[in-house]
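Commentary on secondary and tertiary structure
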Amino acid sequence: MDWGMKNRLAQLIQRDGKVLFLPIDHGYFQGPTNKLEEPGKTVKPLLPYADAIMLTRGILRSSIDPENTKPIILRVSGGTSMARKEELSHEGIITSVKEAIRLNASAVSISIFVGSEREHETLLNLSNLVNECEEYGIPVMAVTAVGKELEKREARYLALACRIAAELGARVVKTYYCKEGFEKVTRGCPVPVVMAGGPKVESELEVFEFIHDGIQKGAIGVNLGRNVWQHDYPVAMIRAIRSIIHEGATPKEAQELFDEIKSGEKK
Ligand code: R5P
């Protein structure tokens, strides 16, 4: 592996081998998502606790101070919207590799839709992006959005999508957690796996438990957005999650830390 690739991966994957990525890219197809109407404001208090942020070039330029030194994971696939839900898998490349270099991105991310009508196109998008990014030493993170047929989020479907992403050259793969057989997902994927959070859930303990369990089963951390910044106490949330990922806290210890920080954080 060349120095540039190694160095970018080292910016993302911390010395303990773990990661806490904070995605704020949801607007690329959802528009002004709840609590992300002003992404710059949302992310500011959370940045010190994230290992990297994931976003589009538009939000990076408009909402993030260029003096920011947190690594950037630049979302480079899109071109769809919630207004045409049935076509969400019809993503193309929306940002060039030249632009990613100009923006000093540490990695780029792209969605693939295994099991959807557009499976083939999105897998070729990933392959072509890897071809180009490898030339410049830029890691590609594949975001596995499983298609309609695979909505069940079962281990064998998630394992299928993750393995394909790795086979096509992704350096990191983002997937969902599943209660049953998640270890099969990570075992079958020869590159690091990170977990998304999905829609906000009711109790923070639920989030702490799935992150803890996913890490025990081989994930290296999270790329988790809504369950942090849609929470009434986002700083307490990200700090508690950080304690699980980087300090080996149990869900119970994370809950205690959350409660302690919450009491000092304004709603
Ligand atoms: C989808 O909009 C993005 O790829 C997100 O970055 C990803 O789903 C993780 O965010 P969340 O934890 O909110 O699901």
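Further up the page is the structure itself.
Predicted, not measured: the structure shown is a model, and the values here were computed from it.

**Comments concerning the pairing of strand β1 (residues 19-23)**
Counting buried positions along β1 gives 5 out of 5 residues, so the element sits mostly inside the fold. Burial of the side chains of β1 extends over both faces: V19, F21 and P23 are buried on one face and L20 and L22 on the other. In terms of strand pairing, β1 meets strand β2 (residues 52-55) through 3 bridges, oriented parallel. Residue P23 lies in a different strand from β2, and its bridge partner there is M54.

**Observations regarding the site of the ligand**
The environment of the ligand is made up of 13 residues, and the closest members are P23, A196, G197, G225 and R226. Its residues assigned to classes, the shell around the ligand shows 5 nonpolar, 6 polar and 2 charged.

**Quick look at the environment of I72**
Mapped onto the elements of the fold, I72 is located in strand β3 (residues 72-75). Expressed as a C-alpha distance, the spacing of I72 and L257, which sit 185 residues apart in the sequence, is 28 Å. Residues within four places of I72 in sequence aside, it is in contact with A52, I53, L60, L103, N104, A105 and S106.

**Some remarks on helix α6 (residues 119-136)**
Three or four residues apart is the spacing at which side chains of an α-helix point the same way, because the helix has 3.6 residues per turn. When the terminal C-alpha atoms of α6 are compared, their 26 Å separation across 18 residues agrees well with the 26 Å that a helix rising 1.5 Å per residue should span. Listed in full, the buried residues belonging to α6 are T122, N125, L126, L129, V130 and C133. Projected onto a plane normal to the axis of α6, the buried residues spread over an arc of 135° and lie on a single side. The outward face of α6, more than 90 degrees from its buried face, is lined by the exposed residues H120, L124 and E135. Looking at the buried residues of α6, the elements they touch are β4 (77-78), β5 (92-93), α5 (97-102), β6 (107-112), β7 (140-144) and α7 (155-167). Of the residues flanking the end of α6, it is G137, one or two places downstream, whose phi is positive at about 75°.

What counts and how
- Residues numbered from 1 in each chain as written.
- Predicted model: local features only at pLDDT ≥ 70, side-chain atom pairs only at ≥ 80, totals over all residues.
- Buried ≥ 20, exposed ≤ 12 C-beta atoms within 10 Å, placed from the backbone.
- Helix = DSSP H or I, 4+ residues; strand = E, 2+ residues; numbered from the N terminus.
- Pairing = 2+ DSSP bridges.
- Near = placed C-beta within 6 Å.
- Nonpolar A, V, L, I, M, F, W, Y, C, P; charged D, E, K, R; others polar.
- Contact = placed C-beta atoms within 7 Å.
- Expected span 1.5 Å × (residues − 1).
- Arc of directions from axis to C-beta.

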